Each structure stands twice: as C-alpha cells, then as structure tokens.
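Chain residues, written in single-letter form:
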Amino acid sequence: MTWKEALGNSVPADLAREIDTYESQLALKGQGKIDDKVFAETRLRRGAYGQRYDNGQRNDGTGVKMLPFPSNGRTKGPDTVWDAPGMQRIKLPFGGLTAAQMDTLADLSEEYSDGVCHITTRQDVQLHYVHIDDTPSLMRRLAAAGITTREACGNSVRNVTACPIAGVCRDESFDVTPHAEASMRFLLGHPDVQDFGRKFKIAFSGCRQHACGLVIMHDFGAIAVTREEDGVEQRGFEVYVGGGLGAVPHQARPFEPFMTEDEILPTLQAIARVFARLGEKRNRARARIKFLVAQLGLDEFRRLVREERAALAHDDRWTAYLDGLPAYGEQPLKTGHPLDDESGSPTFKAWARTNVYRQRQPGYAVATVSLPLGDLSGWQFRRLADVARRFVGDTVRTTVEQNIVLRWVRESDLPALHGELESIGLARPGAGSIADITACPGTDTCKLGIASSRGLAAELERRLGEQIETLDEAVKQLRIKISGCFNSCGQHHICDLGFYGVSRHVGGHIVPHFQVVLGGKWVDNAAAYGLAIGAVPAKNIPEVVRRITDRFVHDRQGAETFYDFTKRVGKRALRETLKDLTTVPPHDVRPDFYRDWGDPREFGIGDMGVGECAGEVVSLTEFDLVGAETQVFEAQLQLEADDFAHADALAYGAMLQAAKGLIKTEFIDISADPNQIVTEFRSRFFDTQLFFDKYAGGKFAQYLFRRHARGERPADRDTARQLIEEAQLFLEATHACQARLASQPAVPPTGNPPAVAGRA
Amino acid sequence: MGAVSTSTIAPDVANLQRIALKIFLDDESLLEPGDVIPVFHRWIQTQAVDGLLIDVADYSHMPTGPCVVLVAHEAHYVLDRAGGRLGLQYARRQPLDGPLSHRLATLGRLLLRAGRLLETDTSLPGPVRFRGNEIECVANDRLLAPNRAETLTAFRPALDAFLATLSAGAEWTLTQETDPRARFGLLAQTQAAATLDTVAERLG
C-alpha cells in the first residue's frame, strides 16, 4: 500500500495529476534523462528546496570533510546530492490554516522531517531534513488536506501574504483576505507567471499605518482604501510595485493611488506579462522586477502595464470572486462575550498584555501563539489544532513574525485558552516585543547562510525574555530581526535593530560577525529601510543590544520613536557607542569569539594555513578594508544629509579602496588611479574568478565595474542609496575573497609578477 | 477538506521500517540539553556512532519535542523531550534488512550504544544515567502502522521477543498511545532493574 493508493480520490484531480508528473520527473532524473538545472527548477517549483551540506561537504570544525551520501553520483540539481536532506516549503496563502491542515502538517513533520514545523517570514511552513524520495507522498497528503506546494519556490509567484488580522482589525479599510486568496488562485500555475527571471512576491494590507502587510517591501503590494463616489463608498487599493529586500533593497513605488477591486487581478496579469517579457533573465542578481522598474522608470513601466492590460483578453476569473464578497467572512465558533477585567491569574494577565488583540467585533479577540524562532513540534501543532477546534474553529493564521494567531476567541474564554496553551508549552508571553525575534534559518540549514541567525536569536530571546518585565516600555516595543546573510530573509532592513551575518578574517582565523542595521521602520507597511553601521563580532551582539537600548532609554526625548531617535542622534554617534565592541580578542584569550552562537565548531576555519609573508601583505589589505568600511559609513551620513553626490563618491571610493586592498595581495605598488585599480582588479580577480562568490558568481564585482563605467553622472537619492548597498556587498565579498585566499596553500601568484612583494 | 483517515487500511508492520526507540534519563536535572550539542558535534568528528552523520540541529529553545538532533542519513539520534520526559531516541529513516524482530534488535543495539557513549562522556557536567527498565517504541509511519488495536496485535510478537531479550525474560507492561491521530507508540516498563550496560550485553 502506498499513500497514493490510500488517498485515492481524496486528492483533487488537478493536484493529483501534477504530483504524478512530478513523481515521474523524479524517476526520469534517476535515469539521467533530465538535465540538472531543469530538474532543480522543477523541484523548486514544487517547494522542494536544497539545504546546507547538500553538496556533500561539511566543515566539522577540524576541516572540510566529505559526506559520502550513497547516491551513486545521482544528483537533484547542480552540485546537489540526491540523498542529502532538503527543505520542503509549504505555501499557506495569507497564512490561513484549518485545524485539519494543522493535523496534517504535524503528521508530516514527524514522519518525513525531524518532528519540527517552522513558520517562515512569508507565512509559509517549512519542514527540514526531508528526503526527496518522500516528497511525492508528502505532497499528496498535503493536497488531500487542501494545500499545494506548487510555486512555493522557484521563479514564479510565491506565497501571497496578508495581514493575519485581516477581517477583525480595528483599523482596516476592509478585509483583504478574499483578494489575497483570489490572487493566489488566479495566478497559481497561470501561463503568464511561468517565464520569470526571478520570483515575484505579493502582499495585501488592510491599512497604511500598521506593519502587518509589509506592502512597501513587495514586488506588488496593495493597501485597502475606500473613496466616495456619488455618495456611495467604493472599495479599492493603493497599489505599489517594484519593492523588495534582498541584497540590494528597493522600496516599492506608488503605481496607482486608487485601483478598483475588479482591476487587481487583470493588473497583476498585465504586470506579470511585462515582467516576463522585459525582465532580466540571464543575470539572476538583477532579475527581480524592482530592477526592471528602476531601469524603465516608473512612468514607462506603468505605461507598458496599462498598454498590456488594455490588450488582455477578458477572463471571467478576474471578477468572479467579487460576487461572493458581501457574504464573505469567517463564522465564529461561539457567541461573543466580554472578559471580566478581574479574570485570570497574574500569568494570564502578563500573557494577555502582549498576546491578545481586541477585535473590532465586540466580545472577540485574537490570541497570538508566540513561537520561539518560529518553531513548534508536531505534537504541539496537533494539540494546537485541538485547541483551535475547541475555541475558534478554522480561523487560524500564521504571521510574518513567525507566530500563529487564533482569531475569533470569545473574550471570556481567554483565561481557559491560556490554560490550554500553557499545557502544551505554547503560552509564551511577549508576542510582538523585543523578545519575540524574527530570524531566518541562517547557517542552521540554509546554503547561503554566513552566520547563525537562529543561534543569535535564541541567545537574545533568552536574555531579553528573562528581563522583559523590567525593561522600559519603549524598549519592550522594539523589533529585532536577524538574517544569516545579506539576502535579508530575516527582514533585517525593516525593524528597529537589524542584524545580518558576515565574516571577518582576523589573525589567521575567520570570525563570525553581524552587521548592525539601524534606521529601519516596521510600521507604515515597512516604510523605511535601515542601513548597516558596522560589523561587530557575533559574541558581542547582546552587548550591542544592551548599549543601544540603554542609550535610547537615557536619551529619548518625550515619546520619540526609536526610528526618530536614531535619526536625531545620528549613526555616527551610535557607531561610536559600539566602537570598542568591534575588536576581536586574540584566539588564545577568547576562543569563544571564534565560534558562532549555539555551535561549538571553530567557525569556518577549514584546513586554513597562513604563511608569514601572506600575513604581512594581508595586514595591508586589512588597512584598506578598514578604510573602505569607513568610507561606506561616511557615505550613509552624506545620504542622510541629502548630499547625494558626496554619498555616491564615497561609496564608489569605498569599492575602489577595497579592490585596491585585494590587489595588494598580489601587486603591492598599485596606484590610486581608479582606471588602474579597476583594470588590475578585473584581470587579477574577476577574469580569474578569484573574486567570484560560490552562488552569486561575479555579481559583486559588477557593482564596481558599473559604477566605474558610469563616470561622473549626477546621483539622486535612489541611486546613491543603491550604490551604498552595493558598496557594502562589494566589501563583504572582498572580505570573503581575502579569507579564501588566506586559506589556500601558499603558491606563487599567476599572471604578472609582483613589483615588490606578493603572496609567497 | 481535512486530514485523511487511515482507519480502513490494514496495518503492514512486516514492512515497517521507520521505527524510533527511546530510553529515558534517570535524573533529568543532571543534563541540560545544550550540553549535548558539543558531544554530538564530536561524534560527527570522530564517527563515534553508526551512520552517515550530517549535522546537529538545536531545538533546545522548544519546551517539548526534539531538543537536540544529530541528523544522519540512516537515522536521527535525538535528545528528545516529547511527552515531557528527557531521553535519547534513535529514529530510523532508512530501511534495514531482516524480519521485524531482527530490525528491532538492530535499532536497540544502535540506541544503547549511543546511550552508553553519553553515560561515559566525561565532558558532560553531571553523571548521565539512562533507565534500563523502560523503553518507548514509536512506529513513525501512519500508513503501515496506524495507531489502532490491529497494529498492536500485529506488532506484539516481534516486540515481545525484543523486550524479553532486554529484560532476560522479566515481564513488561505496555502502555499504548491513546490518540488515534498520533503515531502508533508503546511505552514498555518492567520492574526488573538493570543498567544500560546490562541491557546492552543481553542484546548482544
């Protein structure tokens, strides 16, 4: 008996066909009849993702060791071993979950994963350590519960997100849930979304002022608005396009101030067609729609979309769902009833202060189940499904803060609900506080992770959780978000205190660091993005949090927000506060600095061996890298002072200085002439691919080449900001390249002989 | 649409491969889950236990369920807190040869070997001791072993033989997991006291 036979007609026919096809593709890949790249995209579009060490190599703390998977050369993508465990991403449109679906997810986590379900920053669920041979059964069981993993990854439309309190929010214009759901259903598998160069993310928000929808960081974002027309209220959306975080974040641009409901789906289709036709396909690094919008300009992009929209053949699905809108809504399980303010234990009251939101419907509340690092066990998920059945029915949603909300809780049931959650270890208080930290998987499971975002988040949650009752109220409200690398899956740009993982080469060792990101804004749909003010050793980050929050409490003026505080005090002063924390103690004094949070292995040292001569030259490189870091920081200050030309020049100068530092490892007499630096850098590090990132290839070098080729054209805010982000990434790539060079056996350099000295 | 019931499917324990066995700590206060993380990493470095050892997953922030997982290709070694009790679990993921009774004995040997390694690890702060008179068996496959009475009937002969070896014939009492949605699971307890060493010797 197989799951396919057991489930029979329980799997919807269309999904059953798709999964059968996917299973056949697995078999064909086993027979070597499908190209690696094609198969990789095929499985990605089914949500079956790669995971760290799936190339069959791992640094065990003493060196890089082979993991001899018994795959007999079989692969599931380029450089990806068949038998290596992978991650399965499971799409939950607008985060919606029924109790039965929670049961299924619980079962799958136990049988195919490691017993843990992980809620992501896009309201998805992820299971880790899944064998690819198990994925067809896993998908069939999901499909039988009404869930598809189709297009959960890959170059297509990803999960459509929405406010988790849509429909019950006190401030929203109207419930955006049906629009989010209709967008997902319309675009899922649509022929017009199959030929993108990169992914496409959509979000819906019920209001402007809150953060729930994070519209400004999306490729397509829609904020619910209403207007009066002939005395009648008309519903529509304020539409934004071209946003995105990632390595080079862009804020979405206002596309249309009022788009009627019936135009949302056809406009999405038109945008998809323009993106598929004109978006970059070859260079992944510039293939998101944000680059197309920037390249074309918003007006031209809008014109093209409108032209495309006008030419579209009518599709009934554009508006079919609108007929059901008046009747749309969740049915509460119980009649609303207010909570007696005196009810409940002190523990309940502490929980209720942070984890309960009073709905606009009298007598009802939303209860947040705060999950440490977004994790809950299969057993907890099944018990939570029981809790949902008892208190709220099928009105559960995941959140982008990696939590779960139970909507339509009768207020008078809250103490009993809290008791039930306590009994299954899910009554953690502090939801939405500084102790409720968002973190991407980082080095735990992600192939791109540089430092342990989850390890750091766990440590900060532990420390801050212990202090939460004694923290200043203003500090309690702050948000911390952590990414394991610059790609921003942990959304470090859009919070009060953001961190992203980097590494630094110190005295022959590689040391885990985090860039400290300040100036981001969570509210107003992620209205402002923060910038890095400097890298600090991972082990000093808790002290960074303490110092900055202490200073905020001490220097805050009135009811000043943290965002306004950082702007007023200035990044230079805040950076100065952290200056001593940037120093890495010697290895023999503090060996713990050379290990990451939650990981006893020596950090990324592999089989590194550093010759004396190389060490000498590297110190010159270090000097240039420090200078480059300073220039990037100065560029930020000039950007804030609206001196865009100066900011641009400093960011460009930082890249040149970093490149120069690297060139000195081979050619110490390099001049300060930009042409010579770029020429030497190109021939020694780009053409030789020494500078290439394993995954990003030469994209960081292209930042320098593009800026150099641009000459002295004037810069505006957007171009200056982008160049600063690019300069920061170029610097990180330089650090990484330097570390790689230092870890290589000492060999004479190729190419032109050094003028004075070189790596021996 | 909801979870699909497997109540009409006949169990097929003869083909059951995904089985997890767990032994329990005698005194949980002597071990912090985080203490095991460096031990598991060292096991990877020294290939101290059987299998292709891949990585260590830290879930010590969760109040229940797996705490620390030594991820391997063939099986996971888990410091587990499911059911509120801390113990060591060996959760098989890849098939083993032989009949069910033989497979159970193999799993038992692998688990006990890992347990004894923890008991003798001098880097751990407190003396770690596992109970030799209690073991949990979970069938991690709802298709082949749904949590029903028929599964217990089909599973008993192999399990009884395995348990009899562990206790040198002393009687065991079995408690079955009652939630029909949960995996088929049995907690076996015996009055006959034994150290892990003794139990391991009996298993051979």
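Cut-off values and rules
Residues numbered from 1 in each chain as written. Chains lettered and ligands numbered in written order. Predicted model: local features only at pLDDT ≥ 70, side-chain atom pairs only at ≥ 80, totals over all residues. Heavy atoms only, no water. Helix = DSSP H or I, 4+ residues; strand = E, 2+ residues; numbered from the N terminus. Rg over C-alpha atoms; globule rule 2.2 N^0.38 Å. Contact = heavy atoms within 4.5 Å. Areas by Shrake-Rupley, 256 points an atom, 1.4 Å probe, with all protein chains shown as cover. Lys, Arg positive; Asp, Glu negative; His and termini not counted. Charge placed at Lys NZ, Arg CZ, Asp CG, Glu CD. Domains from an automatic or database assignment. Buried area = accessible area lost by both parts, 1.4 Å probe. Salt bridge = Lys/Arg side-chain N within 4 Å of Asp/Glu carboxyl O. Polar contact = N/O pair within 3.5 Å; in protein donor to acceptor, adjacent residues only side chain to side chain. Buried < 20%, exposed > 50% of the residue type's maximum accessible area, 1.4 Å probe, protein only. Pairing = 2+ DSSP bridges. 1 Å grid on protein atoms, 1.4 Å probe; cavity = no way out; pocket = protein on both sides within 12 Å on 5 of 7 lines; lining within 4 Å. Points joined across faces, edges and corners; volume = space filled by probe spheres on them. Nonpolar A, V, L, I, M, F, W, Y, C, P; charged D, E, K, R; others polar. Phe/Tyr/Trp six-rings, centres within 6.5 Å; stacked < 30°, edge-to-face > 60°. Axes fitted to C-alpha atoms, helices over the stretch in contact; angles between N-to-C directions. Expected span 1.5 Å × (residues − 1). Parallel < 35°, antiparallel > 145°, perpendicular 65-115°, else oblique. Core = buried A, V, L, I, M, F, W, Y, C linked by side-chain atoms within 4.5 Å.

Just checking my understanding: could you explain the overall build of chain A for this structure?
A tally of regular secondary structure across chain A gives 24 helices and 24 strands. Taken over the C-alpha trace, chain A has a radius of gyration of 26 Å; the compact-globule value for 760 residues is 27 Å, and the two agree within 12%. In terms of its C-alpha atoms, chain A occupies a principal-axis envelope of roughly 80 × 65 × 55 Å. Sequence separation of 24 or more characterises 71% of the internal contacts of chain A that already satisfy a separation of 6 or more. As displayed, chain A has an accessible area near 28000 Å², and 51% of this comes from carbon and sulfur atoms. Here chain A carries 92 positive and 102 negative side-chain charges, and the mean point of each set is 2 Å from the other.

What is the right way to look at the domain arrangement of chain A in this model?
Interface size is commonly expressed as the accessible area that is lost once the parts come together. All names here are of chain A. Taken domain by domain, chain A comprises domain 1 (3-94 + 123-144), domain 2 (168-327), domain 3 (346-423), domain 4 (434-606) and domain 5 (609-760). Taking only C-alpha atoms into account, the centre of domain 3 sits 29 Å from that of domain 4. Taken together, the contact between domain 3 and domain 4 spans 10 residues of the former and 13 residues of the latter. Surface buried jointly by domain 3 and domain 4 totals about 900 Å² across both partners, of which 35% is contributed by carbon and sulfur atoms. For the interface between domain 3 and domain 4, the tally reads 3 salt bridges. Remark: the boundary between domain 3 and domain 4 carries 5 residue pairs in polar contact (both at pLDDT 80 or more).

Got a minute to help me understand the pairing of strand β6 (residues 130-139) of chain B in this structure?
The two faces of the sheet receive side chains in turn, since in a regular strand these alternate between them. Residues and elements named next belong to chain B. Counting buried positions along β6 yields 7 of 10 residues, so the element is predominantly enclosed. Both strand β1 (residues 19-25) and β6 contribute to a ladder of 6 bridges, which runs antiparallel. The partner of K22 across the bridge, within β6, is E136. Across 6 bridges, β6 lies against strand β8 (residues 184-189) in antiparallel orientation. What sits directly across from I135, in β8, is A188.

Explanation requested: the layout of surface pockets in the structure shown.
Which parts of space are left empty comes out when a probe the size of a water molecule is rolled across the atoms. Residue and element names in this part refer to chain A. Quantified by volume, the second largest pocket comes out at close to 1400 Å³. Lining the second largest pocket are 49 residues, and of these E401, A431, G432, Q477 and R479 sit closest to its centre. Every element with two or more residues in the lining of the second largest pocket is listed here: α11 (346-355), β15 (356-358), β16 (364-369), α14 (453-467), α15 (473-476) and α18 (562-569). Counting residues per element, the lining of the second largest pocket draws most heavily on α11, at 4 residues. By residue class, the composition of the lining of the second largest pocket is 22 nonpolar, 12 polar and 15 charged.

Looking at this structure, how should I read the pattern of salt bridges?
Two side chains carrying opposite charge are able to pair once their charged atoms lie near each other. For the structure shown, the criterion picks out 87 salt bridges over all chains. Here R185 of chain A and E181 of chain A are joined by a salt bridge, their closest N and O atoms 3.1 Å apart. Of this pair, R185 of chain A and E181 of chain A both sit in helix α6 (residues 177-187), separated by 4 residues, roughly a single helical turn. For E181 of chain A, a relative accessible area of 22% corresponds to the partly exposed category. The partner of R504 of chain A in a salt bridge is E732 of chain A, and the shortest N-O contact between them spans 2.9 Å. Remark: E732 of chain A occurs in helix α24 (residues 717-743) and R504 of chain A occurs in strand β22 (residues 497-506); sequence separation between them is 228 residues. One connected set of salt bridges, linked through shared partners, spans D107, E110, E111, R141 and R382 of chain A together with R142 and R183 of chain B.

Would you mind showing me how to read the packing of aromatic side chains here?
To describe a pair of aromatic rings, one takes the distance between the centres and the angle between the planes. All names here are of chain A. In this structure the tally under the stated criterion is 25 aromatic pairs over all chains. Relative to F301, the ring of F255 lies with its centre 6.2 Å away and its plane at 75°, an arrangement referred to as edge-to-face. Of this pair, F255 sits in strand β14 (residues 253-260) while F301 sits in helix α9 (residues 298-311), placing them 46 residues apart in sequence. The class for F301 is buried, based on a relative accessible area of 0%.

I would appreciate a short explanation of the sheet that holds β1 of chain B in the present structure.
The strands making up a sheet associate through hydrogen bonds between their backbones, and the pairing can be parallel or antiparallel. All names here are of chain B. Strand order in the open sheet made by the 8 strands is β2-β3-β4-β5-β1-β6-β8-β7, with antiparallel pairing throughout. The outermost strands of the open sheet, each flanked by one partner alone, are β2 (53-58) and β7 (173-176). Here the strands of the sheet are splayed against their neighbours by 20° on average, with no regard to which way each runs. Here β2 pairs with strand β3 (residues 66-72) via 5 bridges, running antiparallel. Each residue of the ladder has a partner; that of D58, found in β3, is V68.

Looking at this structure, I do not really get the side chain of T121 of chain A. What am I missing?
Along the chain, the position of T121 of chain A falls in the loop between β8 (116-119) and β9 (125-130). Aside from chain neighbours lying at most four places away, what touches T121 of chain A is V400, Q402, T438, C489 and Q491 of chain A.

What's the story with unusual backbone geometry in this structure? I'm lost.
Negative phi characterises most residues that are not glycine, and trans characterises most peptide bonds. We note that Q402 of chain A has phi near 65°; this positive angle belongs to a residue other than glycine. By the secondary structure assignment, Q402 of chain A is in the loop between β18 (396-398) and β19 (404-410).

Hey, could you run me through the side chain of K699 of chain A in this one?
All names here are of chain A. Position of K699 among the secondary structure elements: in helix α23 (residues 699-710). Buried within the structure, K699 lacks any salt-bridge partner; D693 is the closest side chain of opposite charge, at an N-O distance of 7.6 Å. Sequence-distant contacts of K699, that is, excluding residues within four places in its chain, are made with A247 and A285.

Would you mind showing me how to read helix α2 (residues 100-119) of chain B here?
Residues spaced three or four apart along an α-helix point in a common direction, a consequence of the helix completing one turn every 3.6 residues. Counted at 1.5 Å a residue, the expected span for α2 of chain B with its 20 residues is 28 Å, and the 28 Å between its end C-alpha atoms agrees. Across the 20 residues that make up α2 of chain B, a large majority, 14, are buried.

When you look at the interface of chain B and chain A in this model, what are you seeing that I'm missing?
In this complex, chain B contributes 39 residues to the contact, which on the side of chain A involves 57 residues. In total, chain B and chain A occlude about 3700 Å² of area from one another, counting both sides; carbon and sulfur atoms represent 59% of this. D179 of chain B is paired through a salt bridge with R383 of chain A; the nearest N and O atoms lie 3.2 Å apart. Applying the counting criterion to the chain B and chain A interface returns 17 residue pairs in polar contact (both at pLDDT 80 or more). Sorting the residues of the side of chain B that touches chain A by element identifies α1 (36-46), β2 and β3 of chain B as the ones contributing at least two each. Taken together, the residues that form the side of chain B that touches chain A break down as 19 nonpolar, 11 polar and 9 charged.

For this particular structure, what's the right way to read the packing of helix α4 (residues 99-112) of chain A against helix α5 (residues 135-144) of chain A?
Packed helix pairs are specified by the crossing angle of their axes together with the interaxial distance, meaning the distance between the axes. Residue and element names in this part refer to chain A. At a closest axis distance of 10 Å, the pairing of α4 and α5 adopts a crossing angle of 170°. On the basis of their axis angle, the class for α4 and α5 is roughly antiparallel. Mapping the contact onto sequence places T104, L105, D107, L108, E111 and Y112 in α4 and S137, L138, R141 and L142 in α5. Looking at the contact of α4 with α5 residue by residue, the classes come out as 5 nonpolar, 2 polar and 3 charged.

I would appreciate a short explanation of the nonpolar core in the present structure.
Membership of the largest hydrophobic core comes to 61 residues, with the highest contact counts inside it found for W43, L70, L104, I135, F155, F162 and L166 of chain B. For this core, the element with the most residues is α2 of chain B, which contributes 9 residues. Setting aside its immediate chain neighbours within four residues, I135 of chain B contacts L21, K22, I23, F24, L111, F162, L163, L166, W172, L186, L187 and A188 of chain B. One finds I119, I147, A365 and V369 of chain A within the second-largest nonpolar core, a separate group that totals 60 residues.

Hey, could you run me through α6 of chain A in this one?
All names here are of chain A. Burial within α6 is extensive, with 9 of its 11 residues counted as buried. The complete set of buried residues in α6 reads T177, P178, H179, A180, A182, S183, M184, F186 and L187. Taken together, the buried residues of α6 touch β10 (157-162), β11 (200-205), β13 (232-241), α7 (264-278), α10 (317-320) and β18. Phi turns positive, to about 70°, at G189, one or two residues after α6.

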